[in-house]
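Given next are the chains, with one letter for each unit.
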Amino acid sequence: NAGVIQTPRHKVTGKGQEATLWCEPISGHSAVFWYRQTIVQGLEFLTYFRNQAPIDDSGMPKERFSAQMPNQSHSTLKIQSTQPQDSAVYLCASSPSSAETLYFGSGTRLTVL
Amino acid sequence: GDKVKQSPSALSLQEGTNSALRCNFSIAATTVQWFLQNPRGSLINLFYLVPGTKENGRLKSAFDSKESYSTLHIRDAQLEDSGTYFCAADEGTGSNRLTFGKGTKFSLIP
């Protein structure tokens, strides 16, 4: 069991560019979550999927952020027209169901210059 | 105010001592999870709790939903316990849509 895999580990973009972050959940887990961590705001929920269906995106900024889960083995978080305030560690997590132990990946550190 | 309030914010102890961390909730939590973020940045799940207690080695955790708090006790602290401890609670959803506390930074003095 390789755990939750996130790529890339680090990403640097210029202001206005697009960033796509990838997540491979633990095989067999039906729930996939995206969180964001910053020094100021701490750990914040963004969105989650259950059995690939979007369930709750209430934490996602309404503009520029989107998430998809095209198949059970990966999810993507896309940020269009990145801004410096988007700089954060983006964490993907999965759990066997929506309400069991949550396992986090190592995160993608996004830096927007 | 913070929906999940952790205390203390930082703790420095000598190896071999015991400590207690606490989270108070102003939300109707039905489940609580405790995580350790190690110095490399990885978030490791320590406990998933419904109301009650759990123990794992030198760690013991309790969650009281009626009094809206949870505790994490670390016995005989070791260097590998260093890092930041986070508690997180659902808001009555019973799902892993979690609200996190701001963490307790835990340092061991050799």
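About the thresholds
- Counting from 1, residues in each chain are numbered in the order their sequence is written.
- Ligands are numbered from 1 and chains lettered from A, in the order in which they are written.
- It should be noted that, the model being predicted, local features are given only for residues of pLDDT at least 70 and side-chain atom pairs only at 80 or more, the latter also being counted only at that level, while totals for whole chains, interfaces and linings use all residues.
- Where side-chain values are given, they derive from all heavy atoms of the structure, hydrogens and water being excluded.
- Strands here mean DSSP runs of E at least two residues long; helices mean DSSP runs of H or I at least four residues long; both are numbered from the N terminus.
- To get the radius of gyration, use the C-alpha atoms; to get the globule rule, take the number of residues to the power 0.38 and multiply by 2.2 Å.
- Three exposure classes are used, based on accessible area relative to the maximum for each residue type with a 1.4 Å probe and protein chains only: buried under 20%, partly exposed in between, and exposed over 50%.
- The contact rule is simple, with two residues in contact once any of their heavy atoms fall within 4.5 Å.
- Residue burial considers only the protein chains on display, and all accessible areas are found by Shrake-Rupley using a 1.4 Å probe.
- The positive count covers Lys and Arg only, the negative count covers Asp and Glu only, and His and the chain ends enter neither.
- For this purpose, a charge sits on NZ of Lys, CZ of Arg, CG of Asp or CD of Glu.
- Disulfides are defined as cysteine sulfur pairs within 2.5 Å.
- The term buried area means the drop in 1.4 Å probe accessible area that two parts suffer when joined, counted for both and summed.
- Any Lys or Arg side-chain nitrogen found within 4 Å of a carboxyl oxygen on Asp or Glu counts as a salt bridge.
- Definition of a polar contact: a pair of N or O atoms within 3.5 Å, with one able to donate and the other able to accept a hydrogen when the atoms are protein atoms, and with sequence-neighbouring residues admitted only if both atoms are side-chain atoms.
- Stacked, tilted and edge-to-face pairs are distinguished by plane angle, under 30 degrees for stacked and over 60 for edge-to-face with tilted covering the rest, among Phe, Tyr and Trp rings (Trp via its six-membered ring) whose centres lie within 6.5 Å.
- Note on geometry: a ring has a charge over it if NZ (lysine) or CZ (arginine) is within 6 Å of the ring centre and within 35 degrees of the ring normal.
- In plain words, nonpolar cores are sets of buried Ala, Val, Leu, Ile, Met, Phe, Trp, Tyr and Cys residues tied together by side-chain atoms within 4.5 Å.

Student: Summarise the overall build of chain B; cite the residues concerned and give the values.
Tutor: Counting its secondary structure elements, chain B contains zero helices and eleven strands. Mapped in sequence order, the helices and strands of chain B form the string β-β-β-β-β-β-β-β-β-β-β. Over its C-alpha trace chain B gives a radius of gyration of 13 Å, about what one expects of a compact globule, namely 13 Å for 110 residues. Considering only C-alpha atoms, chain B reaches an extent of 40 × 25 × 20 Å along its principal axes. Residues classed as buried in chain B amount to 48% of the 110 residues present. Pairs at least 24 apart in sequence give 54% of the contacts found in chain B among residues at least 6 apart. Within the structure as shown, chain B displays about 5300 Å² of accessible surface, and the carbon and sulfur contribution to it stands at 49%. Averaged over its 12 positive side-chain charges, chain B has a centre that lies 4 Å from the centre of its 10 negative ones.

Student: Residue-level account of the state of the cysteines, with values.
Tutor: Each disulfide is one covalent bond, formed between the sulfur atoms of two cysteines. Applying the stated rule across the entire model yields two disulfides over all chains. Covalent S-S linkage joins A:Cys23 and A:Cys92, the inter-sulfur distance amounting to 1.9 Å. Disulfide A:Cys23-A:Cys92: the torsion about the S-S bond is -65°, which places it as left-handed. Of the two residues, A:Cys23 sits in strand E3 (residues 19-24) while A:Cys92 sits in strand E9 (residues 88-95), which places them 69 residues apart along the sequence. Accessibility classification places A:Cys23 together with A:Cys92 in one group, the buried group. Between the sulfur atoms of B:Cys23 and its disulfide partner B:Cys87 the distance amounts to 1.7 Å. Negative torsions about the S-S bond denote left-handed disulfides, and the value of about -100° found for B:Cys23 with B:Cys87 makes this one left-handed. Taken together, the residues B:Cys23 in strand E3 (residues 19-25) and B:Cys87 in strand E9 (residues 83-89) connect sequence positions 64 residues apart. One exposure class covers both B:Cys23 and B:Cys87, and it is buried.

Student: Any chance you could break down the interface of chain A and chain B for me, citing the residues and the numbers?
Tutor: Listed by partner, the interface residues are 19 residues for chain A and 15 residues for chain B. Summing both partners gives a buried area of about 1400 Å² for chain A against chain B, and 53% of it is carried by carbon and sulfur. Interface area lost by chain A to chain B is led by A:Leu43, A:Leu102 and A:Phe104, which between them contribute 32%. Across the chain A-chain B interface, the total number found is one salt bridge. The salt bridge partner of B:Arg97 is A:Asp56, with a shortest N-O separation of 3.1 Å. Between chain A and chain B we count ten residue pairs in polar contact (both at pLDDT 80 or more) in total. Every element with two or more residues in the side of chain A that touches chain B is listed here: strand E4 (31-38), strand E5 (42-50) and E9 of chain A.

Student: Please set out the packing of aromatic side chains residue by residue, giving values where relevant.
Tutor: When we look at a pair of aromatic rings, we describe it by the centre distance and by the angle of the planes. Counted according to the given criterion, the structure contains twelve aromatic pairs over all chains. Ring geometry for A:Tyr35 versus B:Phe100: centroids 5.6 Å apart, planes at 80°, classification edge-to-face. Of this pair, A:Tyr35 sits in strand E4 while B:Phe100 sits in strand E10 (residues 99-100), on two different chains. When sorted by exposure, A:Tyr35 lands in the same class as B:Phe100, which is buried. Ring centres of A:Phe65 and A:Tyr90 lie 6.5 Å apart, and the angle between their planes is 40°; this geometry places the pair in the tilted category. Residue A:Phe65 is located in strand E7 (residues 65-71), and its partner A:Tyr90 is located in strand E9; the two are separated by 25 residues in the primary sequence. Classification of A:Phe65 by relative accessible area gives buried; the value is 8%. An aromatic cluster of three or more residues is present, and its members are A:Phe33, A:Tyr35, A:Phe45, A:Tyr48, A:Phe104, B:Phe35, B:Phe86 and B:Phe100. Positioned above the aromatic ring of B:Tyr69, the side-chain terminus of B:Arg22 is 4.1 Å from the ring centre.

Student: Describe the nonpolar core, listing the residues and the values that go with them.
Tutor: Counting residues in each nonpolar core, the largest one holds 24 residues, and the members touching the most others are B:Phe25, B:Trp34, B:Leu46, B:Tyr85 and B:Phe106. Where this core is concerned, the elements lending two or more residues are strand E2 (10-14), E3, strand E4 (32-37), strand E5 (43-49), strand E7 (59-64), strand E8 (69-74), E9 and strand E11 (104-109) of chain B. For B:Phe25, the residues in contact, after removing those within four places along its chain, are B:Lys3, B:Val4, B:Val32, B:Phe63, B:Ser68, B:Tyr69, B:Ser70, B:Cys87 and B:Ala89. Grouped together as the second largest cluster of nonpolar side chains are 19 residues, A:Val32, A:Trp34, A:Phe65 and A:Met69 included.

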